[in-house]
Amino acid sequence: MGTTFHRRALIAHLGAGGLLAATARAFAAAPPPAVPGLAASDGSPIRNFALPSRAPFADVPGLQRFGAAEADVVVHEIFDYNCAFCRTAAPALDEVLASDDRLALVLVHDPILSPASAAVAQLQQTAFRRFGADAAHGFHRALLGSRGFVDAPRAKQVAAALGLDLDGPDDGHPARAETDLAAQRRRAADLGLKITPSFVVGDTAFIGWPGPVTLRAMVAAERSCGRLRCD
């Protein structure tokens, strides 16, 4: 199976029901690609579309940024902790980030797969507010490295193993995390990002993990010509 969201993989990932039907409608109504002919590392086509701004998340609260402080390219990842494709992408995405000292990654929570996903996302946002970016990033990586379904009790076990107490006294951070999470979800929906993982680079969004080779090529093209591919 390829690294992007083929329809067969999408069915397995989402299951039957209303969410699958809504996703099928989204694919059918997809706008023309912003970058025609864009393909993943396995050669499969990448669905992509233009966004109205090169900074579509600039005013969204609670975003977590890692990598280069003075990055010339920023990759936004829209993800869900129970998304199998997000988990597959995580270690390779970390490698791409670590190998490029001019690249930054911004996390955008979009827990669309279950209420449990939303609860886990809120816990991770709470960790960010309570313990800071480095601790939250470690928690994020551990969650994506987990096996099986992740819910709030499982997430708290992962946090405890990292020395993060998410059951501490109410310091206002959980309420702020809930507000941040809601804002992130709204913006992803407003931009038409209805599948995880999705990514935004510059003013272009694309669906599915493209593979590390393709992502590096996209970053290089963005630096060279301001698009995901230079013709």
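Scroll up to find the structure this text is about.
Residues numbered from 1 in each chain as written. Predicted model: local features only at pLDDT ≥ 70, side-chain atom pairs only at ≥ 80, totals over all residues. Heavy atoms only, no water.

Q: Teacher, can you tell me more about helix α3 (residues 84-98) here?
A: Each α-helix winds once per 3.6 residues, and so residues spaced three or four apart point in a common direction. A rise of 1.5 Å per residue sets the reference length of α3, with its 15 residues, at 21 Å; its end C-alpha atoms lie 22 Å apart and thus fit the reference within 8%. The largest bend in α3 is about 40°, located at Ala 90, with the proline Pro 91 one to four residues further on. Considered for burial, the residues of α3 that qualify are Phe 85, Cys 86, Arg 87, Ala 89, Ala 90, Ala 92, Leu 93, Asp 94, Val 96 and Leu 97. (Helix = DSSP H or I, 4+ residues; strand = E, 2+ residues; numbered from the N terminus. Expected span 1.5 Å × (residues − 1). Bend = angle between axes of the 7 residues up to and from the residue. Buried < 20%, exposed > 50% of the residue type's maximum accessible area, 1.4 Å probe, protein only.)

Q: Looking at this structure, how should I read the nonpolar core?
A: Taken as a class, soluble globular proteins show a tendency for nonpolar side chains to be buried jointly. Within the largest apolar cluster, 41 residues are counted, with the highest numbers of intra-cluster contacts made by Phe 139, Leu 143, Phe 206 and Leu 215. Elements that contribute at least two residues to this core include exactly β3 (73-79), α3, β4 (103-109), α4 (115-131), α5 (133-144), α6 (152-161), β5 (198-201) and α8 (212-225). Among the elements that take part in this core, α3 stands out by supplying eight residues, more than any other. In this structure, Ile 78, Val 106, Ala 188 and Ala 205 belong to the second largest nonpolar core, which totals 16 residues. (Core = buried A, V, L, I, M, F, W, Y, C linked by side-chain atoms within 4.5 Å.)

Q: I'm lost on the side chain of Asp 110 in this one. Help?
A: Of note, Asp 110 is situated in the loop between β4 and α4. Buried and unpaired, Asp 110 has no salt bridge, with Arg 185 as the nearest side chain of opposite charge at 4.4 Å. Excluding residues that lie within four positions of it along the chain, Asp 110 makes contacts with Ile 78, Phe 79, Asp 80, Arg 185, Ala 188, Leu 193 and Thr 196. (Lys, Arg positive; Asp, Glu negative; His and termini not counted. Salt bridge = Lys/Arg side-chain N within 4 Å of Asp/Glu carboxyl O. Contact = heavy atoms within 4.5 Å.)

Q: Explain the sheet that holds strand β1 (residues 48-50) to me, please; I cannot follow it from the model alone.
A: Sheets are built from strands that pair by backbone hydrogen bonding, the pairs being arranged parallel or antiparallel. Reading across from one edge, β1-β6-β5-β3-β4-β2 is the order of the six strands in this open sheet, with mixed pairing throughout. Strand pairing shows two members of the sheet lacking a second neighbour, β1 and β2 (64-67), which therefore form its edges. Going from strand to strand, the sheet's axes swing by 25° on average, the running direction of each strand aside. Looking at chain direction, β1 and strand β6 (residues 204-207) are connected through three bridges and run antiparallel. Along β6, the bridge assignment pairs Asn 48 with Phe 206. Taken strand by strand, α3 contacts β2, β3, β4 and β5, and its axis lies near 155° from that of β4. Set on the sheet, helix α7 (residues 173-190) makes contact with β3 and β4; between it and β4 the angle comes to about 100°. (Pairing = 2+ DSSP bridges. Axes fitted to C-alpha atoms, helices over the stretch in contact; angles between N-to-C directions.)

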